[in-house]
Amino acid sequence: MDFITGYTLEELKEKVSSLGLEPYRAKQILSWIYKKFTTDFSLMTDLPKKVREELSAVFSSHPLKLESEVEAPDATKFLFRTLDGHLVETVLIRERDHLTLCVSSQIGCAVGCSFCATAIDGLIRNLTTSEIVDQFLQVQQRTKEKIRNVVFMGMGEPLANYENVRKAAMIMVSPWGLDLSKRRVTISSSGIISQLRRMAEDPFMRELNLAVSINSPRQDLREKLMPLTKTNTLSELMDLLVRFPLSRYRRITLEYILIKGVNDSVKEARQLADLIGPHKKKFKVNLIPYNPDPNLPYERPSMDRILRFQRELWDRGISTFVRFSKGADVFGACGQLRSRRVEGIRTLHDAPLPSL
Ligand code: SF4
């Protein structure tokens, strides 16, 4: 199947030319999809009827089928099924003044973080470009307010699916696409050195926001929490991040999941401050209190300990924020996305499929 949401403007120009149509038709088509959010060719009334029929015969609309929608006060989790039967989760987060969409980039994940529910199933496969873009499109079709922020923080390690994530991000930020600001699209990585290096050398990708999971200031503990870091060491990672090219005023976010009795002591806060050392202006730290999972042995620290950890970093001049993952009520929060488990959740809304 040939999904229309897998094409950039240039690719679509070539494709429509090969079908004997004028290249400018590509822009018209993408405008319907990404400005009016319709993938139904019969509604694209500025195209001749014959062209619309031809396009319907060539392209398919949605690689994902919406299975369910689970509502929480501050988030909605969307559960999609791929054509080959896998489940993909996407979470819409309602912030005070905007909406953020947390998209998945893989089915499962090979990184194997010990605190993460997604890791339990291992990596099943990468999502295609159109499967990533379709998460946005289908959620936007059901949401009145425009979604302006995207975080690649759902299932999977986005930089391990580099090409598809890159093309999806390009569709998201291009004027002919979803036209989001590059500053509002965040790639959240576990810290795969080779892929971060690739991102640093890529003039398009390095303009996006970057968040990297640190989770411990010590190599030994980080290895236990994130086995991948045996070969992607903390010192190599920090070395690379310190040199990562950033435009003025931009910073890299260091994500730190705070787990009770594991990495939440004052000693660790001080070690983290030492790790950042003189590069305070290049980083900010997001402390994410752990979201307990019934299948994993970890717990969330008390509020006192969370604030104590934060204070240690602030006292050393490091911008540090506590971010409670929204959507924990629907198991849609960080490290909680896993296709297998969601089958058991009672959905509040059994949403009908969009008529496309
Ligand atoms: S936390 Fe992210 S990188 Fe680690 S296993 Fe889970 S999905 Fe993969």
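Note that this is a predicted model, so its numbers are computed, not measured. (Residues numbered from 1 in each chain as written. Predicted model: local features only at pLDDT ≥ 70, side-chain atom pairs only at ≥ 80, totals over all residues. Heavy atoms only, no water.)

*Asks:* Is there a simple way to think about the pattern of salt bridges in this case?
*Replies:* As a working rule, side chains carrying opposite charge can pair if their charged atoms are close by. Within the structure shown, the criterion is met by 23 salt bridges. For Arg94, the salt bridge is made with Glu71, and the minimal N-O distance between the two is 3.4 Å. Highlighted residues: Arg94 in strand β3 (residues 87-94) and Glu71 in strand β1 (residues 64-72), separated in sequence by 23 residues. For Arg94, a relative accessible area of 28% corresponds to the partly exposed category. Between Asp84 and Arg125 there is a salt bridge, and its shortest N-O distance comes to 2.9 Å. A residue pair is termed long-range when its members are at least 10 positions apart, and Asp84 in the loop between β2 (75-82) and β3 and Arg125 in strand β6 (residues 123-126) qualify at 41 residues. Of the residues examined, Asp84 reaches a relative accessible area of 45% and is grouped as partly exposed. What you see here is one network of salt bridges that share partners, running through Lys65, Glu67 and Arg81. (Salt bridge = Lys/Arg side-chain N within 4 Å of Asp/Glu carboxyl O. Helix = DSSP H or I, 4+ residues; strand = E, 2+ residues; numbered from the N terminus. Buried < 20%, exposed > 50% of the residue type's maximum accessible area, 1.4 Å probe, protein only.)

*Asks:* Sorry, what's going on with the pairing of strand β4 (residues 99-102) here?
*Replies:* Across a regular strand the side chains alternate sides, sitting on one face of the sheet and then on the other. Burial of β4 is two-sided: the residues Leu99 and Leu101 facing one way and the residues Thr100 and Cys102 facing the other way are all buried. With four bridges joining them, β3 and β4 adopt antiparallel strand pairing. Bridged to Leu92 within β4 is Leu101. Taken together, β3 and the strand that follows it, β4, pair antiparallel across an intervening segment of four residues. Across three bridges, β4 lies against strand β7 (residues 149-152) in parallel orientation. Bridging from a neighbouring strand, Leu101 pairs with Val150 of β7. (Pairing = 2+ DSSP bridges.)

*Asks:* Could you clarify how one ought to interpret helix α10 (residues 303-315) in this entry?
*Replies:* Owing to its 3.6 residues per turn, the α-helix aligns residues three or four sequence positions apart on the same side. The first and last C-alpha atoms of α10 sit 18 Å apart over 13 residues, in line with the 18 Å expected at 1.5 Å per residue. Listed as buried for α10 are Ile306, Phe309, Gln310, Glu312 and Leu313. Projection of α10 onto a plane perpendicular to its axis shows the buried side chains occupying an angular sector of 155 degrees, all on one side. Facing away from the buried surface of α10 by more than 90 degrees, the exposed residues are Asp304 and Asp315. Residues of α10 that are buried in the fold lie against β10 (252-258), α9 (266-276), β11 (283-289) and β12 (320-322). (Expected span 1.5 Å × (residues − 1). Arc of directions from axis to C-beta. Contact = heavy atoms within 4.5 Å.)

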